[in-house]
Amino acid sequence: MKNYIKILFVFLMLPFLAIAQEETVKDEKVVEKLERSAFESATLIDNATNVLFSKNTLEVQMQHRFGLINNPNTLGGIYGDAANIRIALSYAIHERLTIGFGTTKNELLQDLNWKVSLLRQTRSNSMPISVSYYGNFTGDAREANILYNINNRYSKQDRYSYFNQLIIAKRFSPNFSLQFAPSVSHYNVVETTMRNDMVAIAFGGRYKISPQTALIIDYTQPITKFLQNNPHPGISVGVEFSTSAHAFQLFATNYNGLVQQKNIMFNTNDFFNGDFMIGFNITRNYSF
């Protein structure tokens, strides 16, 4: 009799076990999977992307710009004296936060930068975009006598500039990604015909033509108007070769400042007048 009672009890419990298992499966389905990053590198030619690497990842970056291609007797700017170089490191202290430091040859610019992931695109498109915030604080490390301002006076604050940018990106397909990024640049001291703050917006895109190769484009439009000599927009087109830990970008660009606010505020190169140069970015990631 006891055996029959046990068997009856098991049959009575089966529906409840099935319901519990079904609810567990439903709960597992609720967990959202993140879409892969819209870009392979944390930098798209002259602008930051939405990419943040996994925790404890160190990114080593070298950016190089040759001289203007239309300079005579310089082999398309390669042998020119106006080349600029930036070397930088960034470290992911969290999967949503990266901090970094870079040093630039021209004007001895030293920049402390950071990037924060605010929203992340999901595969189900419940969150259709990724949103990141990028900023930097930059100091000019040249000698003081070079930095006298327009009133022939020097203050330590004259060295400083700032950059803040919101990056909105979307991976439309495994091959195609776009981003646009409004920004504000600030210099503590500028010429009287300029303004201390510049609002700009950047557009960038990437299209894969093979598993490791993609076409890339980057465009930055200054919006704030100066009293005279407004900066030219930044135009860059090129190709990117990438692996799981490397990215190599080769391109033509009319930006050579290498720090965003320097490019946006002071660019005098007109891309369509032949004022552009060959440049490349190399990045290597190390996981710890």
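Please refer to the structure higher up on the page.
So, here's what we can say about the structure. Please read all numbers here as calculations on a predicted model, not as lab measurements. (Residues numbered from 1 in each chain as written. Predicted model: local features only at pLDDT ≥ 70, side-chain atom pairs only at ≥ 80, totals over all residues. Heavy atoms only, no water.)

**Considerations on the environment of Thr98**
Formally: The numbering of helices and of strands both runs from the N terminus, where a helix is a DSSP run of H or I of at least 4 residues and a strand a run of E of at least 2. Three labels apply to residues, based on accessible area from a 1.4 Å probe with only protein chains included: buried if under 20% of the type maximum, exposed if over 50%, partly exposed otherwise in between. Should any heavy atoms of two residues lie within 4.5 Å, those residues are counted as being in contact.
Among the structural elements, Thr98 can be located in strand S5 (residues 97-104). For Thr98, a relative accessible area of 11% corresponds to the buried category. Separated by 45 residues in sequence, Thr98 and Phe53 have C-alpha atoms that sit 7.9 Å apart. Sequence-distant contacts of Thr98, that is, excluding residues within four places in its chain, are made with Leu52, Ser90, Tyr91, Ala92, Asn113, Trp114 and Lys115.

**Overview of the environment of Ile93**
Mapped onto the elements, Ile93 comes out in strand S4 (residues 84-94). Distance in space between the C-alpha atoms of Ile93 and Ser54 is 8.6 Å, their sequence separation being 39 residues. In this structure Ile93 touches Lys55 and Ile99, once residues within four positions along its chain are discounted.

**Regarding the nonpolar core**
The line we're drawing: By nonpolar core we mean a set of buried residues, namely Ala, Val, Leu, Ile, Met, Phe, Trp, Tyr and Cys, connected to one another through side-chain atoms within 4.5 Å.
Membership of the largest hydrophobic core comes to 15 residues, with the highest contact counts inside it found for Ile264 and Met265. Contributing elements (two or more residues each) for this core: strand S8 (160-171), strand S9 (176-187), strand S10 (197-210) and helix H2 (260-266). The element best represented in this core is S10, accounting for three residues. Discounting chain neighbours no more than four positions away, the residues touching Met265 are Ser185, Tyr187, Val190, Met194, Arg195, Asn196, Met198, Phe226 and Pro231.

**Structural notes on the sheet that holds strand S11 (residues 213-222)**
Here is the rule we go by: Should DSSP find at least two bridges between two strands, the strands are taken to pair. Every angle, taken between N-to-C directions, lies between 0 and 180 degrees, and every axis is a line fitted to C-alpha atoms, over only the stretch in contact when it is a helix.
The twelve strands are arranged S3-S4-S5-S6-S7-S8-S9-S10-S11-S12-S13-S14 in a closed barrel whose pairing can be described as antiparallel. Looking at each pair of strands side by side, their axes are set apart by 20° on average, direction ignored. Note: S9 against S10, eleven bridges, orientation antiparallel. For Val184, the partnering residue across the bridge sits in S10 and is Val199.

**Regarding the pattern of salt bridges**
For clarity, the cut-off: In the sections that follow, a salt bridge refers to a side-chain nitrogen of Lys or Arg positioned within 4 Å of a carboxyl oxygen of Asp or Glu.
Scanning the entire structure with this criterion turns up nine salt bridges. Residue Arg206 is joined to Glu40 by a salt bridge in which the shortest nitrogen-to-oxygen separation is 4.0 Å. With Arg206 in strand S10 and Glu40 in the loop between helix H1 (2-30) and strand S1 (43-44), this pair connects stretches of sequence that are 166 residues apart. Residues Asp46 and Arg65 are paired through a salt bridge, measuring 3.0 Å at the closest nitrogen-oxygen approach. Linking Asp46 in the loop between S1 and strand S2 (47-48) with Arg65 in strand S3 (residues 57-68), this pair joins segments that are 19 residues apart in sequence. An identical accessibility class is assigned to Asp46 and Arg65; each is buried. The structure contains a network of salt bridges with shared partners spanning Arg36, Glu40, Arg206 and Glu240.

**Considering the pairing of S9**
What you see with S9 is a clean split: Ser177, Gln179, Ala181, Ser183, Ser185 and Tyr187 sit on the buried side and Phe176, Leu178, Phe180, Pro182, Val184 and His186 on the side with no burial. With nine bridges joining them, S8 and S9 adopt antiparallel strand pairing. Each bridged residue has a counterpart across the sheet, and for Ser161 the counterpart in S9 is Tyr187. As consecutive antiparallel partners, S8 and S9 are separated by four residues.

**Focus: the packing of aromatic side chains**
Note the threshold: Aromatic contacts are taken between Phe, Tyr and Trp rings whose centres are within 6.5 Å, Trp giving its six-membered ring; a plane angle under 30 degrees counts as stacked, one over 60 as edge-to-face, and the others as tilted. Put simply, a charge is over a ring when the Lys NZ or the Arg CZ is close to the ring centre, within 6 Å, and near the line of the ring normal, within 35 degrees.
In the structure shown here, the tally under the stated rule is eleven aromatic pairs. Each ring, one from Phe137 and one from Tyr162, has its centre 5.3 Å from the other, and the planes form 40°; the classification is tilted. Of this pair, Phe137 sits in strand S7 (residues 130-140) while Tyr162 sits in strand S8, and the two are 25 residues apart along the sequence. An angle of 20° between the planes, with centres 6.3 Å apart, marks the rings of Phe241 and Phe248 as stacked. The class of Phe241 is partly exposed, set by a relative accessible area of 38%. On the basis of relative accessible area, Phe248 is assigned to the partly exposed category, the value being 30%. Of the aromatic side chains, those joined through ring pairs into one cluster are Phe66, Phe241, Phe248 and Phe280. Taking the ring centre of Phe172 as reference, the NZ or CZ of Lys170 above it sits at 5.7 Å.

**A look at the pairing of strand S12 (residues 234-242)**
Where burial is concerned, most of S12 is hidden: seven out of the nine residues are buried. Bridging between S11 and S12 involves eight bridges; their strand directions are antiparallel. Residue pairing in the sheet places Ile217 in a bridge with Val237 of S12. In this structure, S12 lies alongside strand S13 (residues 246-253), joined through seven bridges in antiparallel fashion. Bridge assignment links Gly238 to a residue of S13, and that residue is Phe251. Between the end of S12 and the start of S13, which pair antiparallel, lie three residues.

Note that all results are geometric; they support no functional claim without further evidence.
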